[in-house]
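Summary of structural features
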Amino acid sequence: DIQMTQSPSSLSASVGDRVTISCRANESISHYLNWYQKKPGIPPKLLIYSTSSLHSGVPSRFSGSGSGTDFSLTINTLQPEDFATYYCQQSYNILFTFGGGTTVDIK
Amino acid sequence: QITLKESGPTLVKPTQTLTLTCTFSGFSLSTSGEGVGWIRQPPGEALEWLTTIYWDDDKRFSPSLRSRLTVTRDTSKDQVVLTMTNMDPADTATYYCAHKMRYSSSDPFDYWGQGTLVTVSS
């Protein structure tokens, strides 16, 4: 099974900061990597798909990069509404796995 | 506009079978490229993918839960039904159904239901 490891598991940041979250697969998943934002009581929201494609309606301060086994989500100029938990998800071989999540909270 | 909504019991006893229904609108699961997935999140834990059913009735399951899961579709009712056998308190979670984006090789879930909390307790 493909395992996804996110780091850090949590981080504290301030409004206006630039934040980068990492996601690593235990084997190559090519570009089959998506990112979601999750807030309590609200369904996950798709941010980035296929490693770097910004989903419709998602602010351009969100970006994704990577390939193979190492991926990252970057939030430029963190906004108050960005404090949330972020999950990566791989879909290689059409079997999906989510990472353990990274919680971004207010410093 | 695509919408999805989960329905089913909020409380099940250990060893019982859970049946959840996802009723959707805005797309047809008989259209090429479409798919519906089930994902759950135990309280305080990470998201976990369970299964996806595709327009051609292909189905994929989480390897760790495959023996306990069944997923079916009713294209006439625009519904997908998930069953999970032998429920355990560890299966207590919010269960989501979600629409798989068409025409994306990474099969992301772009629309989600509100989720339904299922508690497993005697």
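Before reading on, note that the structure itself is shown above.
One structure accompanies this document, and this report is about it. These numbers come from a predicted model, not from an experiment.

Between chain A and chain B, the contact holds 24 residues from the first and 24 residues from the second. Of the roughly 2,000 Å² buried between chain A and chain B, counting both surfaces, carbon and sulfur atoms make up 65%. Counting the surface chain A buries against chain B, the share from its top three residues, Ile94(A), Phe96(A) and Phe98(A), is 30%. Counting across the chain A and chain B interface gives 0 salt bridges. At the level of elements, strand 4 (33-38), strand 5 (45-49) and strand 9 (85-90) of chain A are the ones that each hand at least two residues to the side of chain A that touches chain B. For the side of chain A that touches chain B, the element with the most residues is strand 4 of chain A, which contributes 4 residues. Broken down by class, the residue content of the side of chain A that touches chain B amounts to 13 nonpolar, 9 polar and 2 charged.

Residues and elements named next belong to chain A. By the definition in use, this model includes 2 disulfides over all chains. Here Cys 23 is linked by a disulfide to Cys 88, with a sulfur-sulfur distance of 2.0 Å. Here Cys 23 and Cys 88 share a disulfide; its torsion about the S-S bond, 70 degrees, makes the bridge right-handed. Here Cys 23, found in strand 3 (residues 19-25), pairs with Cys 88, found in strand 9; they are 65 residues apart in sequence, far enough to count as distant. Summarising the burial analysis for this pair, Cys 23 and Cys 88 share the class buried.

Rules used throughout
- Residues numbered from 1 in each chain as written.
- Chains lettered and ligands numbered in written order.
- Predicted model: local features only at pLDDT ≥ 70, side-chain atom pairs only at ≥ 80, totals over all residues.
- Heavy atoms only, no water.
- Contact = heavy atoms within 4.5 Å.
- Buried area = accessible area lost by both parts, 1.4 Å probe.
- Salt bridge = Lys/Arg side-chain N within 4 Å of Asp/Glu carboxyl O.
- Helix = DSSP H or I, 4+ residues; strand = E, 2+ residues; numbered from the N terminus.
- Nonpolar A, V, L, I, M, F, W, Y, C, P; charged D, E, K, R; others polar.
- Disulfide = S-S within 2.5 Å.
- Buried < 20%, exposed > 50% of the residue type's maximum accessible area, 1.4 Å probe, protein only.

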